[in-house]
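The lines below spell out each chain.
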Amino acid sequence: MKNSFGNSLTVTLFGESHGEYIGAVLDGLAPGIEINHEYIKKKLSLRRPSGKISTARVEADEYSIVSGVFNGYTTGAPLCILIPNTNKKSADYGEKMDIPRPGHADLTAEIKYHGFEDHRGGGHFSGRLTAALVAAGAIVGAALEARGIKIGSHISELHGAFDRGFEDYESDIALLSEKQFPTLSDETRMIKEIEKAAAGRDSVGGILESAVIGIPAGLGEPWFDSMESMLSHALFSIPAVKGVEFGLGFAFADVYGSESNDAISVKDGKIFTETNNNGGINGGITNGMPIVFRTAIKPTPSIFKEQGSISLSKMEKVTLTLSGRHDPAIIHRARAVVDAMTALVIGDALTVRYGTDYLSKKD
């Protein structure tokens, strides 16, 4: 089982949905980074369920940092974050998983781990573990912001409802950092679509659009550690992510090269591109323009409609109707996870190029 990611700055994820704790270990983190607890709590609050459009399982996420911090600053030693699971209803899942839930990892986990996996709430596959990723990403994200690098994501599309795109990156990212439901314009129609799905015992997905600003040129490698491949690897590790595209992405199929190429210009000694169709990356390496990408989030697989499955013990088809506490949509909560994973990748790329101490410095 592979639970670590990164080159110079690595994150290791552990725990299960209904275990005692979930957590993450950051290794290779620079010494001297101030731990901003208010910042971490704010990011965790953006991932936390809220109201009728989220699950009824609400956790306080009262994390503890049990190593790697002394007198409020990172020491350079491995930093371990623990978050207790305090609101579990394991009885909803029975003693043994016999009927795998469609759309979940139940069947593939059974095949790979021979029935020894903790199936309650999805176990190690659960989105619950993303709380630990958000906490870890917040530590790195705060260090990035001290260097003038900012990350923001909004729901650009949700079941036929659309948000406007980024216009002024600086002010739009600032706006998103304060919004529980991450849109740049009116969110009413999107929320109604989620409520409609919930009323129909169903769920919806959508597309997140993300931007990273203040990023220096020169990060990433030409081939297997390109900035696109590192970000894609991390983003596809988030539960429910089924697509990632950069810049124009699949829309490149509909334009000429003369339309898609970004003309290069210079002003006051600063090089920039007049458009940003390539999403701030050329040849796998950042060009100094904002990194822009989109992430497709599938509908939550836990729905209350009847679904077809099988009984593993009897090896015959059955009908499954779920009970328990589930989200009619997770995209608004996934925003905080995408931002956190992006921060971890950018932090790693910066330490690879400039050294570990880069993240402890301030612009």
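Refer to the structure presented above.
Residues numbered from 1 in each chain as written. Predicted model: local features only at pLDDT ≥ 70, side-chain atom pairs only at ≥ 80, totals over all residues. Heavy atoms only, no water.

**Q** I keep staring at the overall build of the protein and nothing clicks. Help me out?
**A** When helices and strands are tallied, the protein shows 8 helices and 18 strands. Here the protein has a C-alpha radius of gyration of 21 Å; the compact-globule value for 363 residues is 21 Å, and the two agree. The principal-axis extent of the C-alpha atoms belonging to the protein is close to 70 × 50 × 35 Å. Looking at the protein residue by residue over its 363 residues, the buried ones come to 49%. Nonlocal contacts in the protein, meaning residues at least 24 apart in sequence, comprise 71% of its contacts between residues at least 6 apart. Counting every atom, the protein has about 17,100 Å² of accessible surface; 54% of that belongs to carbon and sulfur. (Helix = DSSP H or I, 4+ residues; strand = E, 2+ residues; numbered from the N terminus. Rg over C-alpha atoms; globule rule 2.2 N^0.38 Å. Buried < 20%, exposed > 50% of the residue type's maximum accessible area, 1.4 Å probe, protein only. Contact = heavy atoms within 4.5 Å. Areas by Shrake-Rupley, 256 points an atom, 1.4 Å probe, with all protein chains shown as cover.)

**Q** Just checking my understanding: could you explain the packing of helix α1 (residues 37–47) against helix α8 (residues 331–354) for this structure?
**A** Two numbers describe how α1 lies on α8: the axes approach to 7 Å, and their chain directions differ by 145 degrees. The residues of α8 that touch α1, namely those facing Lys-43, Leu-46 and Arg-47, are His-332, Arg-333, Arg-335, Ala-336 and Val-337. Grouping the constituent residues of the contact of α1 with α8 by class yields 3 nonpolar, 1 polar and 4 charged. (Axes fitted to C-alpha atoms, helices over the stretch in contact; angles between N-to-C directions. Nonpolar A, V, L, I, M, F, W, Y, C, P; charged D, E, K, R; others polar.)

**Q** I'm lost on the nonpolar core in this one. Help?
**A** Within soluble globular proteins, side chains that are nonpolar tend to cluster in buried spots. Of all hydrophobic cores here, the largest spans 77 residues; its most connected members are Leu-26, Val-140, Leu-144, Met-227, Ile-291 and Leu-359. Of the residues forming this core, the biggest block, 13 residues, is contributed by α8. Leu-144 has contacts with Ile-149, Ile-151, Ala-343, Ile-346, Gly-347, Leu-350 and Leu-359, leaving out every residue within four places of it along the chain. Phe-166, Ile-173, Leu-184 and Ala-211 belong to the second largest nonpolar core, which has 6 residues in total. (Core = buried A, V, L, I, M, F, W, Y, C linked by side-chain atoms within 4.5 Å.)

**Q** How do you make sense of the environment of Phe-181 when you look at a structure like this?
**A** Its place among the elements puts Phe-181 in the loop between α4 (169–176) and α5 (188–199). In sequence terms Phe-181 and Pro-239 are 58 residues apart; their C-alpha atoms lie 19 Å from each other. Contacts of Phe-181, omitting those with residues within four sequence positions, involve Ile-53, Ile-155, Glu-187, Met-190, Ile-191, Ile-194 and His-332.

**Q** Help me out: how do you make sense of the packing of α1 against helix α3 (residues 130–146) in this one?
**A** Packed helices, taken two at a time, are described by the angle their axes make and the gap between the axes. Closest axis-to-axis distance for the α1/α3 pair is 9 Å, and the angle between their directions is 135 degrees. As judged from the angle between their axes, α1 and α3 are oblique. Crossing handedness for the pair α1 and α3: right-handed. Only Thr-130, Ala-131, Val-134, Ala-135, Ala-138, Ile-139, Gly-141, Ala-142 and Glu-145 of α3 make contact with α1, whose side of the interface consists of Tyr-39, Ile-40, Lys-43, Leu-44 and Arg-47. (Parallel < 35°, antiparallel > 145°, perpendicular 65-115°, else oblique. Left-handed = near helix turned anticlockwise from the far one by under 90°.)

**Q** Sorry, what's going on with the sheet that holds strand β2 (residues 10–15) here?
**A** The strands that make up a sheet are held in pairs by hydrogen bonds between backbone atoms, and each pair lies either parallel or antiparallel. Spatially, the 5 strands line up as an open sheet ordered β1-β2-β3-β7-β4, and their pairing is antiparallel. The open sheet has two edge strands, β1 (4–5) and β4 (64–67), and neither has a second partner. Bridging between β1 and β2 involves 2 bridges; their strand directions are antiparallel. Across the sheet, residue Phe-5 finds its bridge partner in β2, namely Val-11. (Pairing = 2+ DSSP bridges.)

**Q** How should α4 be read in this particular structure?
**A** An α-helical turn contains 3.6 residues, so any two residues separated by three or four positions project in the same direction. Residues of α4 that are buried include every one of Asp-172, Ile-173 and Leu-176, and no others. Projection of α4 onto a plane perpendicular to its axis shows the buried side chains occupying an angular sector of 95 degrees, all on one side. Its buried side turned inward, α4 meets β8 (150–158), β10 (206–213) and α8. (Arc of directions from axis to C-beta.)

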